[in-house]
Amino acid sequence: MKNAEDFLRMPVWYPVLAGHTFLTSFVKLRAPALAALAEGVTPEDYEDDDDEVNPAVEETIEDLRQPMAAIPGNCFVCVDSCAPTDTERFYNKRGAVYSPKSAWKYLALSEKVRNSVRRGEVEYICVRPFRRMNRTREFRLFIYNGRLNAMSQYYLVRHFRRLEGVKNRYWEMAEDFIDDISWLLPLKNLVMDVYFTSSEKILIIDLNRWGAPTDPLLLQRWERDWERPAGIVLMDPPTRISGDVNVSF
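Position numbers for residues count from 1 along each chain, tracking the sequence in the order it is written. Given that this is a predicted model, residues contribute local features only at a pLDDT of at least 70 and side-chain atom pairs are listed and counted only at 80 or more, while totals for whole chains, interfaces and linings are drawn from all residues. Hydrogens are left out, water is left out, and the side-chain values use all remaining heavy atoms of the structure.

## Observations concerning the pairing of strand β3 (residues 124-129)
Just so we agree on the cut-off: Strand pairing is assigned whenever DSSP detects at least two bridges linking the two strands. Under the scheme used here, helices are H or I runs from DSSP no shorter than 4 residues and strands are E runs no shorter than 2 residues, and both carry numbers assigned from the N terminus.
Inspection of the sheet shows strand β1 (residues 25-28) paired to β3 by 4 bridges, in the antiparallel sense. Pairing of serine 25 across the sheet is with valine 127, part of β3. Across 5 bridges, strand β2 (residues 75-79) lies against β3 in antiparallel orientation. By the bridge assignment for β3, valine 77 is matched with valine 127.

## Description of the pairing of β2
Within a regular strand, the side chains alternate between the two sheet faces. Rule in force here: The cut-offs for exposure are 20% and 50% of the maximum accessible area for each residue type, with area from a 1.4 Å probe on protein chains only; residues under the lower value are buried, those over the upper are exposed, and the others partly exposed.
Of all 5 residues that make up β2, 5 are buried, and the element is covered over most of its length. Residue alternation in β2 divides its side chains into two sets, Cys75, Val77 and Val79 and Phe76 and Cys78, and both sets are buried.

## Looking at the sheet that holds strand β8 (residues 231-233)
Where we set the bar: In this analysis, axes come from line fits to C-alpha atoms, helices being fitted only over the stretch in contact, and the angle between any two N-to-C directions falls in the range 0 to 180 degrees. In what follows, a contact means two residues having at least one pair of non-hydrogen atoms within 4.5 Å.
Pairing in this open sheet of 5 strands is mixed, and the strands run β7-β6-β4-β5-β8 from one edge to the other. Since the sheet does not close on itself, it has two edges, and those belong to β7 (202-208) and β8, each with one partner. Across this sheet, the average inter-strand angle for adjacent strands is 25°, counted without regard to direction. Here helix α8 (residues 162-181) sits on the sheet in contact with β4 (138-144), β5 (147-153), β6 (190-196), β7 and β8, set at roughly 145° to β5.

## Section: α8
Residues spaced three or four apart along an α-helix face the same direction, because each turn holds 3.6 residues. As a reminder of what qualifies: In this scheme, a helix's expected span is set at 1.5 Å multiplied by one less than its residue total. One axis is fitted to the seven residues ending at the residue and one to the seven starting there. The bend at that residue is the angle between these axes.
Here α8 contains 20 residues, and its C-alpha end-to-end distance of 28 Å stays within 8% of the 28 Å for a straight helix at 1.5 Å per residue. Considering bend angle alone, the principal kink of α8 is centred on asparagine 168 and spans about 40°. Taken as a whole, α8 has its buried residues at Leu163, Tyr170, Trp171, Met173, Ala174, Phe177, Ile178 and Ile181. Each element contacted by the buried residues of α8 is listed here: α1 (10-17), β4, β5, β6, β7 and β8.

## A word on the packing of aromatic side chains
Two aromatic rings, taken as a pair, are described by how far apart their centres are and by the angle between their planes. In plain terms, the rule: Only Phe, Tyr and Trp rings are paired, with Trp represented by its six-membered ring, and only when their centres lie within 6.5 Å; those with planes under 30 degrees apart are stacked, over 60 edge-to-face, the remainder tilted.
Counted by the stated rule, this structure contains 14 aromatic pairs. Here the aromatic rings of tyrosine 14 and phenylalanine 26 are separated by 5.3 Å at their centres, their planes lie at 65°, and the arrangement is edge-to-face. Placement of the pair is tyrosine 14 in helix α1 and phenylalanine 26 in strand β1, with a sequence separation of 12 residues. On the basis of relative accessibility, which here comes to 12%, the residue tyrosine 14 falls in the buried class. For phenylalanine 26, a relative accessible area of 28% corresponds to the partly exposed category. Arranged with centres 6.4 Å apart and planes meeting at 70°, the rings of phenylalanine 76 and phenylalanine 90 form a pair that is edge-to-face.

## Looking at the sheet that holds β2
Pairing in this open sheet of 3 strands is antiparallel, and the strands run β1-β3-β2 from one edge to the other. Strands at the two margins of the open sheet, each flanked by one partner only, are β1 and β2. Sheet twist, expressed as the mean angle between neighbouring strand axes with direction ignored, is 25°. Against the sheet, α1 contacts β1, β2 and β3, and its axis sits at roughly 45° relative to β3. Sheet strands in contact with helix α6 (residues 100-108) are β2 and β3, and its direction is about 40° off that of β2.

## Examining the nonpolar core
Within soluble globular proteins, side chains that are nonpolar tend to cluster in buried spots. For clarity, the threshold we go by: What we call a nonpolar core is a set of buried Ala, Val, Leu, Ile, Met, Phe, Trp, Tyr and Cys residues that are connected through their side-chain atoms within 4.5 Å.
Counting residues in hydrophobic clusters, the biggest one holds 36 residues, and the most contacted among them are Phe139, Leu141, Met151, Met192, Phe196 and Leu207. Those elements that provide at least two residues to this core are α1, β2, β4, β5, α8, β6 and β7. Among the elements that line this core, the one with the most residues is α8, at 8 residues. Apart from residues lying up to four places away in sequence, phenylalanine 139 is in contact with Met151, Ser152, Gln153, Tyr154, Leu163, Tyr170, Met192, Asp193, Val194, Phe196, Ile232 and Leu234. If you look at the next biggest cluster of nonpolar residues, it comprises 30 residues, including Val41, Val97, Ala108 and Val113.

See the structure below:
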């Protein structure tokens with residue numbers, strides 16, 4: 001690793017934590033393919049206009065064919081430390097793609113991915129099985145000095161009442177999980193997105209750097225006393241108003 005933060009890139013942390021995440025394949029990108037991805041070139045750009053085929057894009061699509069064919073059903077694709085979460089595909093289908101052509105297209109349409117390539121942060125396309133996750137089981141873990149310090153509900157769409165009954169169990173599981181793997185982490189402070197499976201196993205989704213621009217979610221701000229563990233934080237239940245309520249405009 002060039003530095004400890006390089007560990008946050010999936011191709012770097014995956015060999016160390018492969019037993020604690022989704023099975024993933026990696027497709028190395030040639031320099032011309034990186035240039036095309038940075039420019040946001042999609043197959044439609046040259047197919048619709050009868051322009052000459054972009055060989056870098058077509059070669060990468062072919063490189064994606066075998067690892068994607070080995071996955072039954074849909075795939076989820078991203079690059080080293082960035083997923084195309086800012087695309088229409090992610091909003092509508094949570095990033096599920098079926099064909100290599102579609103995989104390339106939605107990476108190229110992502111401004112997040114393009115900017116990551118331009119900053120020199122991308123070497124690979126990462127391919128894993130698509131899993132329709134239960135939103136009540138996704139959490140962001142805040143690891144401080146090698147220990148679990150705080151844990152936030154990931155999807156802030158609403159209060160999930162079922163989480164109240166399992167929150168203590170989830171916290172204990174996450175605490176044990178981090179205690180077990182902390183020796184594998186070169187960074188003592190980092191943020192980890194995880195998923196609790198129905199079989200009570202924790203799978204790592206992603207690793208993020210400590211502090212901005214990583215979103216602290218329900219922790220709200222990074223300027224806090226991290227020496228005091230915050231525990232698990234969930235969305236508050238909706239407020240109920242009773243009695244006579246007068247509203248004027």
